[in-house]
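Chain and residue survey
Take a look at the letters that make up each chain.
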Amino acid sequence: MKQIVDHIAQTRNVALEELAALLTSEDHEALQYLFGRAHDEAQRIYGNKIFMRGLIEISNHCKNDCLYCGIRRSRQGIARYRLDKEQILECCQQGYGLGFRTFVMQGGEDAWFNDDRLCDIVAAIRSQYPDCAITLSVGERSRESYQRLYDAGADRYLLRHETADKRHYEKLHPAEMSFDNRQRCLRDLKEIGFQVGCGFMVGSPYQTFETLYQDLQLIRTLQPEMVGIGPFIPTAETPFADRPAGTVDATLRLIAIIRLIHPHALLPATTALGTLHPQGRELGIMAGANVIMPNLSPVAHRKDYSIYDNKLASGSEAAETVEDSRARLKLLGTEVPADRGDFQ
Ligand code: SAH
């Protein structure tokens, strides 16, 4: 098993059989070796730094109906909200004071945030916080739209590919959504010059070793600056409400494998990981993650951005407790600077 880990680290690639072996292994010593090598690799490139991003959930209105997602269009039982420009700028002001130098605006695909409105908000943040990175995560848009957002001052874009297997994609999304369009978006974002993040859920329905293998190959070819992965968490009132959740264990193994095949990636220990395990964030970092994304959204709306059940928005996931997070992460020998944390 250790030989497989060494082979992946040397070749920056993983074979399907190696992936299956690592994901099913019960050799705990070898798994510690995998995590240790991945953590060392992150430290070799980024030192002992863990970068933090302030997550601002700007809207839970969404025109899409992704089968897994708790803010899907057809879900009735949730209160819908969107933030206006002033509210978003207040989040940034609060975050800046807490040491955040990256703001991530994430939301459902909400037509209210057309190019004019979103560019206006991006430009305002750009001029008020020239030393901060602006990340968007608002789904699929036209190339022209991405270009306008980039020109307005956005630096980075998160758009999980969700799965690199077209047939799998079609089992997770309604027929009107298109695998090819999502891939097109990722290519356009790269070509425009965004730092791009792709990613997927671990343990999503119908996921197999083969689809995961394809996810890893997509990472190798796309060479994204960021890769966000977290466990699938079933959500009430969605078609996948009764499916089993992905596991923390499989997520940690995949974080480590991604770190070894794409060592420079910025890899978050995601909220979903923290939601399933009280030390999920720390475990993610010890397995090779190097980014945390505490929640900077207005407290009154946090519960409504319910992409999955029991999503953590307090404790270690809340921006207000960032000093506490810093102290906890210091115990791991890492530090959390007030830094944009760009791709290196
Ligand atoms: N509309 C944006 C943001 C989507 S929410 C976009 O399309 O990119 C961000 C991510 O949350 C999604 O990409 C998905 O991978 C993840 N997510 C959604 N539902 C989830 C669930 N039930 N469990 C775990 N992760 C989920």
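Everything numeric here is computed off the predicted structure, so don't read it as measured data.

About the cut-offs
Residues numbered from 1 in each chain as written. Predicted model: local features only at pLDDT ≥ 70, side-chain atom pairs only at ≥ 80, totals over all residues. Heavy atoms only, no water. Helix = DSSP H or I, 4+ residues; strand = E, 2+ residues; numbered from the N terminus. Contact = heavy atoms within 4.5 Å. Near = heavy atom within 4 Å. Polar contact = N/O pair within 3.5 Å; in protein donor to acceptor, adjacent residues only side chain to side chain. Areas by Shrake-Rupley, 256 points an atom, 1.4 Å probe, with all protein chains shown as cover. Nonpolar A, V, L, I, M, F, W, Y, C, P; charged D, E, K, R; others polar. Buried < 20%, exposed > 50% of the residue type's maximum accessible area, 1.4 Å probe, protein only. Lys, Arg positive; Asp, Glu negative; His and termini not counted. Salt bridge = Lys/Arg side-chain N within 4 Å of Asp/Glu carboxyl O. 1 Å grid on protein atoms, 1.4 Å probe; cavity = no way out; pocket = protein on both sides within 12 Å on 5 of 7 lines; lining within 4 Å. Points joined across faces, edges and corners; volume = space filled by probe spheres on them. Axes fitted to C-alpha atoms, helices over the stretch in contact; angles between N-to-C directions. Parallel < 35°, antiparallel > 145°, perpendicular 65-115°, else oblique. Left-handed = near helix turned anticlockwise from the far one by under 90°.

Quick notes on the side chain of Asp65
Secondary-structure assignment places Asp65 in the loop between strand S2 (54–59) and helix H4 (85–98). Aside from chain neighbours lying at most four places away, what touches Asp65 is Arg72, Arg73, Ser74, Pro174 and Met177.

A closer look at the site of the ligand
If you check the shell around the ligand, you find 19 residues, and the closest are Tyr68, Gly107, Arg160, Glu162 and Ile233. A distance of 2.9 Å is found between a nitrogen atom of the ligand and a backbone nitrogen or oxygen belonging to Gly107. Measuring from a nitrogen atom of the ligand, one finds a backbone N or O atom of Ile233 at 2.7 Å. Protein chains bury 92% of the 550 Å² of accessible surface belonging to the ligand in isolation. Residue composition of the shell around the ligand, grouped by class: ten nonpolar, six polar and three charged.

Some details on the side chain of Arg259
Its place among the elements puts Arg259 in helix H10 (residues 248–261). Glu41 provides the closest opposite charge to the buried, unpaired Arg259, separated from it by 7.8 Å. Polar contacts involving the side chain of Arg259 include one to the main-chain carbonyl oxygen of Gly288, which spans 2.8 Å. A polar atom in the side chain of Arg259 sits 3.1 Å from the side chain of Asn290. Setting aside residues up to four positions removed in sequence, Arg259 forms contacts with Ala38, Glu41, Ala42, His264, Ala265, Leu267, Gly288, Ala289 and Asn290.

Here's the deal with the layout of surface pockets
Volume-wise, the largest pocket comes out at about 160 Å³. Listed by contribution, the elements that provide at least two residues to the lining of the largest pocket are helix H9 (209–222) and H10. Among the elements that line the lining of the largest pocket, the one with the most residues is H10, at four residues. In terms of residue class, the lining of the largest pocket is made up of six nonpolar, three polar and two charged.

Some points on the packing of H4 against helix H5 (residues 115–128)
Their axes nearest at 10 Å, the elements H4 and H5 cross at an angle of 30 degrees. Put simply, H4 runs roughly parallel to H5. You can see that H4 and H5 cross each other, and the crossing is right-handed. For the pair H4 and H5, the contacting residues are Lys85, Ile88, Leu89 and Cys92 in the first and Asp120, Ile121, Ala124, Ile125 and Gln128 in the second. Split by residue class, the contact of H4 with H5 holds six nonpolar, one polar and two charged.

Note that every value here comes from positions in space, so none of it alone points to a role or purpose.
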